[in-house]
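# Summary of the model geometry
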Amino acid sequence: MSWLGPVRTASGGIRRHKVQAVAVGLVVLVSTASATLGFTLLAASNAPFTRAFGTQNGAHVTVTVNADRASLAATRHLAGVTATAGPFAESTVATQLGGQPFGQLTLAGRGSSGGPVDDVVLNAGHWPDGPGQVVLDGSAGGGGPALGSTITVTGVPGTPALVVVGFGNSVTNTADGWVSPGEIARLRAPGVPQSTQMLYRFTHAASYGRSARTWPR
């Protein structure tokens, strides 16, 4: 059978049903244009995050465990790990602002905002340089704390007070706030196990599964 036969049949059908053919063509054209526009908008919306993630050395994986620092530090040498930050002592605390509940905050003890993983970009104030200070993730305003505000930690002996000395941005949201490393011990409730945070970047981290395969079984 000649290949021209099916072509003649199809073209004949199109001539007999011109309106339907035009309608189908328009639907296909609009659908293609919509899909192209959707992919373009998706790429454009992801571009700022992708740039910030690269600039700030965003963490591919953030791990918080109840383990001693030495054991966690040894994971720096796992195959596929290209950069690490930590281990940082960590504590999740209940807080009050102005005498009203402010919610739970995960605080990490970091000596500086920079590092090989998760550079915290300060947008106001300064990094904690002594006890009783905290930098919060986010920006000032919006009815929340301001520079100089005092946040009270509840459920901890002595009910410590932390003065907000800065605001910063972690592109991978590794914590709700940061204090000096020596602060974490007094911000941990009695009987609560010590928590330690470690941040990683990997050679291949296109998905959680690819990152997870780095870990020994």
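If you're wondering where the values come from, they're calculated on a predicted model, not measured in any experiment.

Attention now goes to the environment of Pro-145. For Pro-145, the position within the fold is in the loop between β5 (133–137) and β6 (150–154). Separated by 43 residues in sequence, Pro-145 and Phe-102 place their C-alpha atoms 9.7 Å apart. Here Pro-145 is in contact with Leu-97, Phe-102, Leu-136, Ala-140, Ile-151, Val-164 and Phe-167, once residues within four sequence places are set aside.

Here we take up the pattern of salt bridges. Applying the stated criterion to the full structure yields two salt bridges. The salt bridge partner of Arg-110 is Asp-118, with a shortest N-O separation of 3.1 Å. Grouping residues by exposure puts Arg-110 and Asp-118 together as buried. Across the salt bridge formed by Glu-183 and Arg-186, the nearest N and O atoms sit 2.9 Å from each other.

Counting 15 residues, the largest nonpolar core has Leu-107, Val-134, Leu-136, Leu-162, Val-179 and Leu-187 as the members making the most contacts within it. Residues Leu-78, Met-198, Tyr-200 and Phe-202 belong to the second largest nonpolar core, which totals eight residues.

Moving on: the side chain of Asp-119. By the secondary structure assignment, Asp-119 is in the loop between β3 (100–109) and β4 (121–125). With no salt bridge to any partner, buried Asp-119 finds its closest opposite charge in Arg-110, at an N-O distance of 5.5 Å. In this structure the side chain of Asp-119 is engaged in a polar contact, spanning 2.9 Å, whose partner is the backbone nitrogen of Gly-115.

Once that is clear, we can look at the packing of aromatic side chains. Given two aromatic rings, one states the distance between the centres and the angle between the planes to describe the pair. Going through the model one piece at a time under the given rule, you end up with two aromatic pairs. On the numbers, 5.9 Å between centres and 35 degrees between planes, the contact of Trp-127 with Trp-178 is tilted. One end of the pair, Trp-127, is in the loop between β4 and β5; the other, Trp-178, is in strand β8 (residues 177–179), with 51 residues separating them in the sequence. In terms of burial, Trp-127 and Trp-178 fall into one category: buried.

So, how was this worked out
Residues numbered from 1 in each chain as written. Predicted model: local features only at pLDDT ≥ 70, side-chain atom pairs only at ≥ 80, totals over all residues. Heavy atoms only, no water. Helix = DSSP H or I, 4+ residues; strand = E, 2+ residues; numbered from the N terminus. Contact = heavy atoms within 4.5 Å. Salt bridge = Lys/Arg side-chain N within 4 Å of Asp/Glu carboxyl O. Buried < 20%, exposed > 50% of the residue type's maximum accessible area, 1.4 Å probe, protein only. Core = buried A, V, L, I, M, F, W, Y, C linked by side-chain atoms within 4.5 Å. Lys, Arg positive; Asp, Glu negative; His and termini not counted. Polar contact = N/O pair within 3.5 Å; in protein donor to acceptor, adjacent residues only side chain to side chain. Phe/Tyr/Trp six-rings, centres within 6.5 Å; stacked < 30°, edge-to-face > 60°.

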